[in-house]
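What follows is the residue order along each chain.
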Amino acid sequence: MTLERLTGEQARARAAEMMEIYGVAFGEPPWSEDGFGVADFARRLAADTERPGFAAVLAGQDGRPMGFGTAWPTRAPFPTGRAYDRVRAELGDETERRLVGALEIDELAVGPHARGQGLAGRILDLLCEGAERCWLLTSPQASAAIRVYERLGWERLTGPEAKVAVFARQLL
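Residues numbered from 1 in each chain as written. Predicted model: local features only at pLDDT ≥ 70, side-chain atom pairs only at ≥ 80, totals over all residues. Heavy atoms only, no water.

### Considering the packing of aromatic side chains
Move 1: For the structure on display, the rule yields eight aromatic pairs.
Move 2: Between Tyr22 and Phe41, the ring centres sit 4.3 Å apart and the planes meet at 5°, which makes this aromatic pair stacked. Linking Tyr22 in helix H2 (residues 15-25) with Phe41 in helix H3 (residues 35-48), this pair joins segments that are 19 residues apart in sequence. Each of the two residues, Tyr22 as well as Phe41, counts as buried.
Move 3: Measuring from ring centre to ring centre gives 5.3 Å for Tyr149 and Phe167, while their planes differ by 55°; the resulting arrangement is tilted. One end of the pair, Tyr149, is in helix H7 (residues 143-151); the other, Phe167, is in strand E7 (residues 165-170), with 18 residues separating them in the sequence. Both residues of the pair, Tyr149 and Phe167, belong to the buried class.
Move 4: Grouping aromatic residues by their ring pairs yields a cluster made of Tyr22, Phe26, Trp31, Phe41 and Phe68. (Phe/Tyr/Trp six-rings, centres within 6.5 Å; stacked < 30°, edge-to-face > 60°. Helix = DSSP H or I, 4+ residues; strand = E, 2+ residues; numbered from the N terminus. Buried < 20%, exposed > 50% of the residue type's maximum accessible area, 1.4 Å probe, protein only.)

What follows is the structure, encoded as structure tokens:
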């Protein structure tokens, strides 16, 4: 298996591979994304690749995409829209201190055919390389993803009743 760290331009050139993984990884509950969701991801990806500090990791084997992740530094002030408002509602005053300036893992997707091989951890490690702090969020209903983050040593910042599960990782 190979893991490639991609710039924004390289990620745009490999968007079809990421869309393929996005569709199969997020086509399952709790996300249940359909073709419209994949198209929305493609539009977000095109815009996100223009963000300062954008990075992506694409994993593949024998020419077949297996997983990917995207990330960028969270800028001040803490953003609004998307899921940011739910994060702020859960973390309150801690939001700026804990998340601004940290590397934000926006997407992490591993295809069903590649799960159980430690790939999510490898993608996260490569994405977070060189960052002092990282953070990500997931759905509270994504129990498998939550178990992965906990097993990898990410600290859960929100409680079990929160509307979004936020995790952080301090790198030494």
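Here the narrative resumes.
### Observations concerning the environment of Glu150
Move 1: Summarising the element assignment, Glu150 is placed in helix H7.
Move 2: Measuring from C-alpha to C-alpha, the distance between Glu150 and Phe167 comes to 8.7 Å, with 17 residues separating the pair along the chain.
Move 3: If near-sequence neighbours (up to four positions away) are discounted, Glu150 is found in contact with Arg156 and Phe167. (Contact = heavy atoms within 4.5 Å.)

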